[in-house]
Amino acid sequence: MSNVLMLGAVCFLAASLGGGAVYADETVRQIDRDRLFALIQKPGPVVVVDVRNIEAYLDRHIPGAVSLPFPQLAQAAWPKDTPLVVYCFSAGCHLSHESALVLMRQGYKDVRDFNGGMLQWESQGLPVARGAAAGTARAGDMPPEELWKRIRPEAKPDCGGCVSDGGGITVLDLRPPDEFAAGHVPGARSLPLESLARSTGTLSRIGDIVVYDAAPARSREGAKVLRAVGLHVRILDGGLSGWGARPLDKGTGH
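Within each chain, residues carry numbers counting from 1 in the order of the written sequence. Note on the predicted model: pLDDT of at least 70 is required for a residue's local features to be given, and 80 or more for side-chain atom pairs to be given and counted; whole-chain, interface and lining totals, by contrast, use all residues. Where side-chain values are given, they derive from all heavy atoms of the structure, hydrogens and water being excluded.

Draft legend 1. Structural view of the overall build of the protein chain. Here a helix means four or more residues in a row that DSSP labels H or I, a strand means two or more in a row labelled E, and each is numbered from the N terminus. When helices and strands are counted, the protein chain shows nine helices and nine strands. Exposure classes here rest on a 1.4 Å probe applied to the protein chains alone. A residue is buried below 20% of its type maximum, exposed above 50%, and partly exposed in between. With 254 residues in all, the protein chain has 46% of them scored as buried. Of the contacts made within the protein chain by residues no fewer than 6 positions apart, 73% connect residues no fewer than 24 positions apart. We get accessible surface area from the Shrake-Rupley algorithm with a probe of 1.4 Å; when it comes to residues, only the shown protein chains can shield them. Taken as a whole, the protein chain presents about 12,000 Å² of accessible surface, with 56% of it coming from carbon and sulfur. Should any heavy atoms of two residues lie within 4.5 Å, those residues are counted as being in contact.

Quick look at the structure:
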């Protein structure tokens, strides 16, 4: 999809979702390109939020930005005093302004709008990043024995060994569906890598997410995609081959 068509589609979505009226106490503060560029050059608490769709983000984004598309803003889980800067495609789309209002109404106290968006950023020759950002993740892969302790049935007597339990852990199998059906970590959900970027909005932002695949490179790529939208992700050390003699479920499962 061209940037023009994508811009129109996203702006239409913002209008259809409705940002509500702008009240006197909801003035959105602006930040200019030079100030934003200076801000991302040094460590600090500010979070730069790309509210475009994930495909646009993966194509190019401001270095260090995290992806949180406009329809998923309700999932924002930063502390309310976190300084946030939001941006979209360009000044021609009001999505960043609408996003700032949404975040302010969620209780965020320091939200600024980079109105010029990606178009202005690039037009000045400023650096861009491509692909999934490393994001914020909990350190280290998850050893199979640690995962097994957390998901074995006797550890969760109230839910029959369920894995996706809200505040606990969600296990994602990134392999093709036929490989998943042949055998997978108990309670895991099948979410092939090829469709992962389109499915991030279905995942809980509470608790751990553990991903695995038969190929380590695919596990790492999946983790990058999820970390790009601010999720806490760990990779199952050794993938399915590292699971050893521990039990497997079969069939389509979740």
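Draft legend 2. Molecular detail of the packing of aromatic side chains. Aromatic rings from Phe, Tyr and Trp, with only the six-membered ring used for Trp, were paired whenever their centres fell within 6.5 Å, and each pair was classed as stacked if the ring planes differed by under 30 degrees, edge-to-face if by over 60, and tilted otherwise. Within this structure, the stated rule accounts for three aromatic pairs. With 6.1 Å between their ring centres and 80° between their planes, F114 and W121 make a pair best called edge-to-face. On the basis of relative accessible area, F114 is assigned to the buried category, the value being 1%. The buried category is assigned to W121, whose relative accessible area is 0%.

Draft legend 3. Summary view of the pattern of salt bridges. Salt bridge, as used here, is a side-chain nitrogen of Lys or Arg placed within 4 Å of a carboxyl oxygen of Asp or Glu. Considering all chains together, one arrives at 12 salt bridges under this definition. With a closest N to O distance of 3.1 Å, D34 and R33 form a salt bridge. Two residues, D59 and R60, come together in a salt bridge whose shortest N-O distance is 2.6 Å. The structure contains a network of salt bridges with shared partners spanning R29, D110 and R112.

Draft legend 4. Just helix α6 (residues 144–151), in detail. Every buried residue of α6 is listed here: P144, L147 and I151. Buried residues of α6, seen end-on, are gathered within an arc of 65° and therefore sit on one face of the element. Its buried side turned inward, α6 meets β6 (169–173) and β8 (208–212). Throughout, the arc means that of the directions going from the helix axis to the C-beta atoms.

Draft legend 5. Quick look at the sheet that holds strand β5 (residues 111–114). Taken together, the five strands give an open sheet; going across it, the order is β1-β5-β4-β2-β3, and neighbouring strands pair in parallel fashion. Each edge of the open sheet carries a strand with a single partner, namely β1 (29–30) and β3 (66–67). Bridge count between strand β2 (residues 47–50) and strand β4 (residues 84–87): four bridges; the pairing is parallel. Following the sheet pairing, D50 is matched in β4 by Y87. Taken strand by strand, helix α4 (residues 95–105) contacts β4 and β5, and its axis lies near 175° from that of β5. One bridge is not enough; two strands pair if DSSP finds at least two bridges between them. Only the contacting stretch of a helix is used when fitting its axis, a line to C-alpha atoms as for every element, and angles between N-to-C directions run 0 to 180 degrees.

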